[in-house]
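# Observations on the three-dimensional arrangement
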Amino acid sequence: MFVSRSTAHSERRNTISMSNLTMHSPVTLFGSELKNRFVLAPLTRGRATESRVPNQIMGDYYEQRATAGLVITEATVISEEGIGWIDSPGIYTEEMVAGWKSIVDRVHSQGSKIVLQLWHCGRASHSDFHNGELPFSASAVGIENDHIHTPKGKKAYETPKAMTKEDIANTMNDFRQAALNAKAAGFDGLEVHAANGYLINQFLDGVSNQRDDEYGGSIENRMRFLKEALAAVQEVFPADKIGVRLSPNGVFNAMGCDDYKELYTAVVKELNQQGIGYLHLMDGLAFGFHERGEPMTLADFRPLFDNTIIGNCGYTIEAANEAVGDKQADMIAFGRPYITNPDLPERYKNNWPLTPFEDMTHWYGGGAEGYTDYPNYKAS
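Only a predicted model underlies this, so the values are computations on that prediction, with no experimental measurement involved.

### Quick word on the confidence of the model for the chain
- For the chain, the average pLDDT comes to 94, and 95% of its residues sit at 70 or higher.
- With pLDDT under 50 throughout, residues 1-17 is counted as low confidence; its partners more than four residues away or in other chains account for 29 contacts.

### A closer look at the environment of A286
- Following the sequence through the fold, A286 ends up in the loop between strand 13 (278-282) and helix 9 (298-301).
- Classification of A286 as partly exposed rests on a relative accessible area of 48%.
- Expressed as a C-alpha distance, the spacing of A286 and G314, which sit 28 residues apart in the sequence, is 5.6 Å.

### Some words on helix 2 (residues 56-64)
- Taken residue by residue, helix 2 has I57, M58, G59, Y61 and Y62 as its buried positions.
- In this structure, the buried side of helix 2 is in contact with strand 3 (38-40), strand 4 (70-72) and helix 3 (94-109).

### Side note on the pairing of strand 6 (residues 113-119)
- A large share of strand 6 lies buried, amounting to six of its seven residues.
- Here strand 4 runs beside strand 6; their pairing, made up of three bridges, is parallel. Following the sheet pairing, I72 is matched in strand 6 by V115.
- Where strand 5 (residues 76-77) lies against strand 6, two bridges are found, and the strand directions are parallel.

### Let's talk about the packing of helix 7 (residues 224-233) against helix 8 (residues 260-274)
- Running from N to C, helix 7 and helix 8 cross one another at 20°; their axes reach a closest spacing of 11 Å. Taken together, helix 7 and helix 8 sit at an angle that is classed as roughly parallel. Judged by the twist between their axes, the crossing of helix 7 over helix 8 is right-handed. Residues L226, K227 and L230 of helix 7 lie in contact with helix 8, whose contacting residues are V267, E270, L271 and Q274.
- Tallied by class, the residues present in the contact of helix 7 with helix 8 amount to four nonpolar, one polar and two charged.

### Section: the pattern of salt bridges
- All chains considered together, the criterion is met by 14 salt bridges.
- Note that K161 and E133 form a salt bridge whose closest N and O atoms lie 3.7 Å from each other. Taken together, the positions of K161 in strand 10 (residues 161-162) and E133 in the loop between strand 6 and strand 7 (136-137) put the pair 28 residues apart, joining distant regions of the chain.
- Of the residues examined, K161 reaches a relative accessible area of 31% and is grouped as partly exposed.
- Given a relative accessible area of 47%, E133 falls into the partly exposed group.
- Notably, a salt bridge pairs D259 with R222, separated by 3.0 Å at the nearest N-O pair. Highlighted residues: D259 in the loop between strand 12 (242-246) and helix 8 and R222 in helix 6 (residues 219-222), separated in sequence by 37 residues.
- Residue D259 is classed as partly exposed on the basis of its relative accessible area of 22%.
- Take R222: its relative accessible area is 4%, and that puts it in the buried class.

### Description of the nonpolar core
- The biggest cluster of nonpolar side chains holds 87 residues, and the ones touching the most others in it are F175, F225, L246 and F334.
- In terms of residue count, helix 4 (residues 165-185) provides more of this core than any other element does, seven residues in total.
- Those residues in contact with F175, other than ones at most four positions away along the chain, are I78, L118, I200, F225, A229, A232 and V233.
- The next biggest cluster of nonpolar side chains, apart from the first, holds 13 residues, and it includes F30, L34, V39 and I72.

### Digging into helix 10 (residues 317-325)
- Across the nine residues of helix 10, seven count as buried, placing the element largely inside the fold.
- Taken together, the buried positions of helix 10 are I317, A319, A320, E322, A323, V324 and G325.
- Of the residues one or two after helix 10, K327 is the one with positive phi, at around 65°.

### Topic: the environment of G59
- Along the chain, G59 turns up in helix 2.
- Judged by its relative accessible area of 2%, G59 is buried.
- When the C-alpha atoms of G59 and K101 are compared, they prove to be 9.7 Å apart, with 42 residues separating the residues in sequence.
- Not counting residues within four places of it along the chain, the set of residues in contact with G59 comprises I103 and R106.

### Brief notes about the packing of helix 2 against helix 3
- Between helix 2 and helix 3, whose axes approach to 9 Å, the crossing angle comes to 25°. Relative to helix 3, helix 2 is oriented roughly parallel. Taken as a pair, helix 2 and helix 3 cross one another with a handedness that is right-handed. Across the interface between the two elements, Q56, M58, G59, D60, Y62 and E63 from helix 2 touch W100, I103, R106, V107 and S109 from helix 3.
- A class-by-class count of the residues in the contact of helix 2 with helix 3 yields five nonpolar, three polar and three charged.

Conventions we followed
- Numbers given to residues run from 1 along each chain, matching the order in which its sequence is written.
- Where local features are concerned, this predicted model is filtered to residues with pLDDT of at least 70; where side-chain atom pairs are given and counted, the filter is 80 or more; whole-chain, interface and lining totals use all residues.
- With hydrogens and water stripped out, all remaining heavy atoms of the structure feed into the side-chain values.
- A score between 0 and 100, pLDDT records how confident the predictor is in each residue.
- The contact definition used throughout considers only heavy atoms, calling two residues in contact when any of these lie within 4.5 Å.
- Numbered from the N terminus, helices here are DSSP runs of H or I no shorter than four residues, and strands are runs of E no shorter than two.
- Three labels apply to residues, based on accessible area from a 1.4 Å probe with only protein chains included: buried if under 20% of the type maximum, exposed if over 50%, partly exposed otherwise in between.
- Note: two strands are recorded as paired if DSSP finds a minimum of 2 bridges between them.
- Axis geometry follows a simple rule: fit a line to the C-alpha atoms, using only the stretch in contact for helices, then measure angles between N-to-C directions, giving values from 0 to 180 degrees.
- In this scheme, roughly parallel covers angles under 35 degrees and roughly antiparallel covers those over 145, while 65 to 115 is roughly perpendicular and the rest are oblique.
- Take the far helix as the reference: if the near one is turned anticlockwise from it by less than a right angle, the crossing is left-handed, and if turned clockwise, right-handed.
- Ten residue types, Ala, Val, Leu, Ile, Met, Phe, Trp, Tyr, Cys and Pro, are classed as nonpolar, four, Asp, Glu, Lys and Arg, as charged, and the remainder, Gly among them, as polar.
- Salt bridge, as used here, is a side-chain nitrogen of Lys or Arg placed within 4 Å of a carboxyl oxygen of Asp or Glu.
- Only buried Ala, Val, Leu, Ile, Met, Phe, Trp, Tyr and Cys residues count toward a nonpolar core, and they belong to the same one when joined by side-chain atoms within 4.5 Å.

Next comes the structure, spelled out in structure tokens:
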């Protein structure tokens, strides 16, 4: 199911007065003015090699795409236990910190801000990543009828281990240390990944969280893990330098609970009360929809959240301009268009053609080909 954004936004034209804001207007975030409202969405590209240390080619990639006012890094694991993707980067060793610092400096040299997305895959992993040990999750509930690419090939997901109180405490320490490492690397802020069926989302969603302790059952209990993770990183970064990514409509990694509207309303109210700096919403349906009811939109969340809202998933430039023009969002993240168009804001500003992303051969893993070899547009 896919709902046209232009249709959805057009239906609101009569009730919301349009402003003069566009995606190319400056915006304030983290107390600084950003050059535009474009966000490089977090895109897992698998270029960190087996060492998981950020490297020169990753720096090339991010510097090229620092045409966005805000750069959000690809999902970055907070610990070895959080791993669930081949050659994704980490933030848990000194070498990783040094690697990320080089990238942060290069993005800053282009006049952009950069935040690190903190990731723990939870059950969206496999024992092949963990020396034969099963991955953790909220409960011993697996992802059914799906497969994962592991270092040993494509395999079915396994039934994970339910996290003990000690496991949860250790993971909170990992979040805290990851935040310390991110600060040492010079990041402007953090994004806590609570979307797309990864560990925090596994605690939020009643499909994967079947616990009967203080971390399960009621919405308040299912929010506890997220709140503790936020408390851990707020020991390092202030709340207004932290973002949270949510996917209220998402089905990816077998998500989707019947009380999703009540759940995400409560989550966003909590984030607002904490003064979290930005809310990164996967509000589009291009990434899949659980169809448990009507999709939640920016209009559902704007009245609940006072700080910056970033919309994401399937936006065209027309829909993005409309969203910021009617003040439903403050910024919009672009993913796939940025893969092949490092100068995306200028292409949209000048109505230059986009390089299509038809070839997915080099999306994940490899070297420069299909990663850093896409040129800026040259006007004739």
